[in-house]
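The residues making up each chain are set out below.
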Amino acid sequence: MLSLSSPIGVFDSGVGGLSVLKQIQAQLPHEDLLYVADQAHVPYGPRSKSEVQQFSAAITRFLLAQEARLIVVACNTASAAALSELRRSFPEVSFVGMEPAVKPAAQATRTGKVGVLATTGTFASERYAALMARYAAGVEVFSDPCLGLVERIEAGELDSTETVALLAGIVRPMVAQGVDTLVLGCTHYPFVLPALRELVGTAVPIIDPAPAVARQVGRVLAMEPEAAHALPPGRVVLFTSGSGSQFQAQVRRLWGEAAVVKTAVWHEAAGELSLQINGVEL
Ligand code: DGL
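Bear in mind the structure is a predicted one, so any value in this text is a computation, not a measurement.

**Student:** Tell me about the pairing of strand β9 (residues 236-240), residues and numbers included.
**Tutor:** The buried count for β9 comes to 5 of 5 residues, which makes it a mostly enclosed element. Of the two faces of β9, the one carrying V236, L238 and T240 and the one carrying V237 and F239 are both buried. In this sheet, strand β10 (residues 260-269) lies alongside β9 in parallel orientation, the contact comprising 4 bridges. Within β10, the residue paired with F239 across the bridge is K262.

**Student:** Which residues make up helix α3 (residues 76-89), and what values do they have?
**Tutor:** Think of an α-helix as 3.6 residues a turn; residues three or four steps apart then line up on the same face. Its 14 residues place the ends of α3 19 Å apart at the C-alpha level, agreeing with the 20 Å of an ideal helix rising 1.5 Å per residue. Largest kink in α3: about 60°, centred on A82. Among the residues of α3, those classed as buried are N76, T77, A78, S79, A80, A81, A82, L83 and L86. On its buried side, α3 packs onto β1 (8-12), α2 (49-65), β3 (70-73), β4 (95-96), α5 (120-124) and α6 (126-135).

**Student:** Tell me about the environment of T202, and name the residues and values.
**Tutor:** By secondary structure assignment, the location of T202 is in the loop between α9 (193-200) and β8 (206-207). Taking relative accessible area as the criterion, T202 reaches 75% and is therefore assigned exposed. Counting along the chain gives 68 residues from T202 to A270, while the straight-line C-alpha distance between them is 53 Å.

Conventions we followed
- Residues numbered from 1 in each chain as written.
- Predicted model: local features only at pLDDT ≥ 70, side-chain atom pairs only at ≥ 80, totals over all residues.
- Heavy atoms only, no water.
- Buried < 20%, exposed > 50% of the residue type's maximum accessible area, 1.4 Å probe, protein only.
- Helix = DSSP H or I, 4+ residues; strand = E, 2+ residues; numbered from the N terminus.
- Pairing = 2+ DSSP bridges.
- Expected span 1.5 Å × (residues − 1).
- Bend = angle between axes of the 7 residues up to and from the residue.
- Contact = heavy atoms within 4.5 Å.

Here it is in structure tokens:
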């Protein structure tokens, strides 16, 4: 039986969702948080929809087995590929997903030109097409799948010469064509916000939907009966399906505070994937 003290489960292909986890922790500091970085499979962007659906379903089962009472898909690519499927397959579970913030960008732009940075998988999705049809009428959208950027962020290259050159090649032409609002449609990208800010200047708002996602998590939890909120700070446990020592170093840099880091391993039996705790606590 899940209780109000059960954790919130959050996942992404890698370290990107830590940008969302940060916001959830800031807004809901008493909640216990479980995070899965599926670094065995990062990046999700170039993968097929069915592959991302399989990973997402298996990670959801993993988080539910640890009593998560709400699942946050802290990944635009996984939300685009799998959120509807997850809601169908786990009807009793509350999910909060992500989508590129096209709506607020379309409202904010003065030039009528908006830049969206996301992944190939997000741009190719029906969900994104529906988002564009609904909110981007009358707005010119410049989109870029930022090839190689997720890998650079995973490698910790947040402001290397190559990363800055990659970003410059993406955003400078957008700004030159009149884009005045940028959308971060991948949860990895907030980690290069300082570099992006340098490139586009302060006049161009850069929209990261993570705070809004954390508020949505708060709204969903508020629908639960009143919890005892005079609680100690929540415990944070971070899993990776990749290298534990590499993740440990990434967490130190990108998360910056105490968290338990563990590894999990993928298994395949009878054609079904499952993620299992490796038992190694680092
Ligand atoms: N962080 C992810 C997103 O929000 C996925 C990036 C990737 O693995 O390609 O889209």
